[in-house]
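Structural features, examined
So you can see what is in the structure, the chains are spelled out below.
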Amino acid sequence: MRTRDWLAMLLLAGVGTAAAADAEGPALVLRAGLQADDRSGFGVDAGLDWRLGSATWLGLDVARSDAGSDFSDIDTRFVGLRLSHRFDGPLGLHLGHEWWGDPAAAETRTVVAGASLGFEALRIGLEARFRDIEFDVQVPNPPGAPVVGACDGRDTGIGLSLRWSGERGGWYLRGTNYDYSQTMCRVGRFTFDVFNLPPQLILHRPALELLQASAVGRAHSFFERSWVAGVERRLGRVVASLEYANDVGAFDRLESETIAVGLVIETRRAFDWNLRVGVTDTELVGSTAYAGVGFYWYR
């Protein structure tokens, strides 16, 4: 597969280029993007992947997202650092650390570790995510005012991914299941599991459950499980993709579905545009349309 095909397929699939740690890829990738939805949400991001040798990559990502006034006033930042290496043969490993949050609402710190096996056009990946969580909730306290509970703990996510890449296109499938059994909340002398309470008993979870209502906040939502499937096709200087995502929220067990179309457009040597539009439909707030644009420079 040509270098440009290699890069375009990864960008459309939402996979960081460092995840592949492949010697045929470019030595440096710089990227930036913007997303917005029809409920006043927006997000901006930037990052780089730098090849430190024939098969080792260092990646850095930063982002900001605002869920929008239609949802809440949650305004988050994200910083992620990762290191990937492709060994001689099929094995690749990656390790990373991520910080995400809004100090007024919630914060998380995540250690990411994964491995992949590549067999010609097919790649199989396994990833574990260990996320420390801190957030507040408001609990009904009739007849008085609600009381605030402090929640902290750890969730563990185990994910599996499959990817096939050919000369003219490819497909990908990935899914992650999360366990929140180590996350507890405290109100006074009482301790409870916020993820296993009836939704009506919790008045306010800083709109964390609303993050999955749009692609602007979906990447860092609190899911019970999440999976994504997509197909790609090269059409001359354009690589097109169609993607479907299905998620179940950890707080309320409500389902959301996202359908998105993406295009990577080659404009000139070492510079590509990425366009993306989609719709997310949730049981909680209905449909939310979004659009995004990004550019990638590499050498």
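Description of the structure in this document. (Residues numbered from 1 in each chain as written. Predicted model: local features only at pLDDT ≥ 70, side-chain atom pairs only at ≥ 80, totals over all residues. Heavy atoms only, no water.)

1. Topic: a negative patch on the surface
Spelled out, the test is: Nonpolar side chains (Val, Leu, Ile, Met, Phe, Trp, Tyr) are joined into patches within 5 Å and like charges within 9 Å, using only residues with over 30% relative accessible area and no salt bridge. A 1.4 Å probe and the Shrake-Rupley method give the accessible areas. Residues count as covered only by the protein chains that appear here. When a carboxyl oxygen of Asp or Glu lies within 4 Å of a side-chain nitrogen of Lys or Arg, that pair is called a salt bridge. Positive charge is attributed to Lys and Arg, negative charge to Asp and Glu, and no charge count is given to His or to the chain ends. A single reference atom marks each charge: NZ on Lys, CZ on Arg, CG on Asp, CD on Glu. Labels follow the DSSP assignment, with helices taken as runs of H or I lasting at least four residues and strands as runs of E lasting at least two, numbered in each case from the N terminus. Each residue's exposure class comes from its accessible area (1.4 Å probe, protein chains only) as a fraction of the maximum for that residue type: buried when under 20%, exposed when over 50%, partly exposed otherwise.
Judged by side-chain charge, Glu255, Glu257, Asp281 and Glu283 come together as a negatively charged surface patch. Looking at where Glu255 falls in the secondary structure, it is placed in strand S14 (residues 255–268). Of the residues examined, Glu255 reaches a relative accessible area of 31% and is grouped as partly exposed.

2. Considerations on the environment of Ala270
Among the structural elements, Ala270 can be located in the loop between S14 and strand S15 (271–282). For Ala270, a relative accessible area of 11% corresponds to the buried category. Sequence-wise, Ala270 and Tyr296 are 26 residues apart; in three dimensions their C-alpha atoms are separated by 7.9 Å.

3. Regarding the pattern of salt bridges
Per the stated rule, a full pass over the model turns up 16 salt bridges. We note a salt bridge from Arg154 to Asp132, for which the minimum N-O separation is 3.1 Å. Of this pair, Arg154 sits in strand S8 (residues 147–165) while Asp132 sits in strand S7 (residues 122–139); the two residues are 22 residues apart in sequence, bridging distant segments of the chain. Arg154 gets classed as partly exposed once you look at its relative accessible area, which sits at 33%. Judged by relative accessible area, which is 33%, Asp132 ranks as partly exposed. Connected through salt bridges with shared partners, the residues Arg31, Asp49, Asp61 and Arg82 form a single ionic network.

4. A word on the environment of Tyr172
Which entries qualify depends on this criterion: Side-chain atoms alone can form a polar contact between residues adjacent in sequence; in general such a contact is a pair of N or O atoms within 3.5 Å, and within protein one must be able to donate a hydrogen while the other accepts it.
Within the secondary structure, Tyr172 sits in strand S9 (residues 169–179). For Tyr172 and Leu162, which are ten residues apart along the polypeptide, the C-alpha to C-alpha distance reads 5.6 Å. There is a polar contact of 2.6 Å between the side chain of Tyr172 and the side chain of Glu243.

5. Some words on the state of the cysteines
The line we're drawing: Cysteine sulfur pairs qualify as disulfides if the two atoms are within 2.5 Å.
As enumerated under the stated definition, the model contains one disulfide in all. A sulfur-sulfur separation of 1.9 Å characterises the disulfide bridge that pairs Cys151 with Cys185. Since a negative S-S torsion denotes a left-handed disulfide, the Cys151-Cys185 link at about 105 degrees is right-handed. A residue pair is termed long-range when its members are at least 10 positions apart, and Cys151 in strand S8 and Cys185 in strand S10 (residues 184–187) qualify at 34 residues.

6. Topic: a nonpolar patch on the surface
Together, Leu30, Leu34, Val44, Leu263, Trp273, Leu275, Val293, Phe295 and Trp297 make up an exposed nonpolar region whose accessible area comes to about 670 Å². As for its placement among the helices and strands, Trp273 is situated in strand S15. Assessed through its relative accessible area of 35%, Trp273 is described here as partly exposed.

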